[in-house]
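One-letter residues, chain by chain:
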Amino acid sequence: MPVAIITGATSGIGLAIAKALVAGGYAIVANSRNITADHPSVAEIGASDIVTVAGDVGDAQTAQAVIDAALSNFGAVDLLVNNAGIFIPKPFIEYSQDDYEALLSTNVRGFFNLTQRVLRHMVERGTGHIVNITTSLAENPLKVVPSTLPILTKGGLNAITHALALEYADQGVRINAVSPGIIRTPMHPDAQHDFLATLSPMGRMGDAEDVAQAVLYLENSPFVTGEIMHVDGGASVGRW
Ligand SMILES: NC(=O)c1ccc[n+]([C@@H]2O[C@H](COP(=O)([O-])OP(=O)(O)OC[C@H]3O[C@@H](n4cnc5c(N)ncnc54)[C@H](OP(=O)(O)O)[C@@H]3O)[C@@H](O)[C@H]2O)c1
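Residues numbered from 1 in each chain as written. Predicted model: local features only at pLDDT ≥ 70, side-chain atom pairs only at ≥ 80, totals over all residues.

(A) Looking closely at the overall build of the chain. When helices and strands are counted, the chain shows 7 helices and 9 strands. Scaling as 2.2 N^0.38, a compact globule of 240 residues should have a C-alpha radius of gyration of about 18 Å, and the chain matches this with 17 Å. Taken across its 240 residues, the chain has 46% of its residues classed as buried. Looking at the chain alone, contacts between residues at least 24 apart form 69% of all its contacts between residues at least 6 apart. (Helix = DSSP H or I, 4+ residues; strand = E, 2+ residues; numbered from the N terminus. Rg over C-alpha atoms; globule rule 2.2 N^0.38 Å. Buried ≥ 20, exposed ≤ 12 C-beta atoms within 10 Å, placed from the backbone. Contact = placed C-beta atoms within 7 Å.)

Shown next as structure tokens:
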């Protein structure tokens, strides 16, 4: 049975990815800061082979606990989905030091802590796949949604997706990214949905399941690495 680690698995995109992987026969190591074995999302994921690890991905101890749980319960890691992330949109000159620390901690340090540990394991095995969840705003900023610090962090993940894919292509490990547009998840208050729907040429928000399908596609595509797959209703291809 293949084994996947998913960060931020209790809500939105991470929850949809976990459900899709369980349907595909994966054992799951699910993380979020507040996850517990009896968290409602764990029942929703519906896996018989699931282990939960609570903790902030920005803390190195969380990353160590996640990989330890994967190896002690399931013996290996085949797929890591770096999904946990936060979004703080505001004009650049209004960001506080706390905003900066929070975005760097979750979106970048969280990626680094877990990816380095998991990649060491995958290189040792000579096989594995890592998918980073970024954002289409990183390549296509929108004037109406100023969000330069999320863009700084997620743009960095896009860049390192390319670089890591090259670095480990001949060692059996693939690194890809899924770059969502605006997706209907608890990240966005209901009151903003009508406005957010205008930010894609399809005139609607995407669903978390759309992002999960892209992760499955990448997972099942052994000759694809270094890909940044846009799931944004066409928002990244031009103006509308
Ligand atoms: N929704 C969108 O429109 C959209 C668009 C582009 C990209 N994305 C990206 O997609 C990913 C998921 O977004 P979403 O919309 O599904 O968000 P969400 O509904 O707010 O869910 C976020 C998940 O991450 C967990 N989390 C947050 N901070 C964490 C931390 N420091 N350590 C561990 N877990 C943490 C949350 O659980 P706890 O509270 O229990 O920690 C939750 O499970 C993010 O990386 C986001 O940037 C989303």
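Let's pick the thread back up.
(B) Spotlight on the sheet that holds strand β1 (residues 3-7). With parallel pairing, 7 strands are arranged side by side in an open sheet as β3-β2-β1-β4-β5-β6-β9. Across the chains shown, the open sheet's two edge strands, defined by having one partner strand only, are β3 (50-54) and β9 (228-231). Ignoring strand direction, the axes of neighbouring strands in this sheet form an average angle of 15°. Strand direction decides the pairing type here: β1 and strand β4 (residues 79-82), joined by 3 bridges, are parallel. When the bridges of β4 are listed, Ile6 appears paired with Val81. Lying on the sheet, helix α5 (residues 148-168) is in contact with β5 (128-133), β6 (173-180) and β9; it crosses β6 at an angle near 160°. (Pairing = 2+ DSSP bridges. Axes fitted to C-alpha atoms, helices over the stretch in contact; angles between N-to-C directions.)

(C) Seen up close, the environment of Ala212. Take Ala212: it is sitting in helix α7 (residues 208-219). Sequence separation of Ala212 and Ala20 is 192 residues, and the distance between their C-alpha atoms is 6.4 Å. Setting aside anything within four residues of it in sequence, one finds Ala212 in contact with Ala16, Ile17 and Ala20.

(D) Region of the structure containing the site of the ligand. In the vicinity of the ligand there are 31 residues, among which Gly8, Gly12, Arg33, Gly85 and Thr185 approach most closely. Tallying contributions element by element places helix α1 (residues 12-23) first for the shell around the ligand, with 3 residues. Grouping the constituent residues of the shell around the ligand by class yields 13 nonpolar, 16 polar and 2 charged. (Near = placed C-beta within 6 Å. Nonpolar A, V, L, I, M, F, W, Y, C, P; charged D, E, K, R; others polar.)

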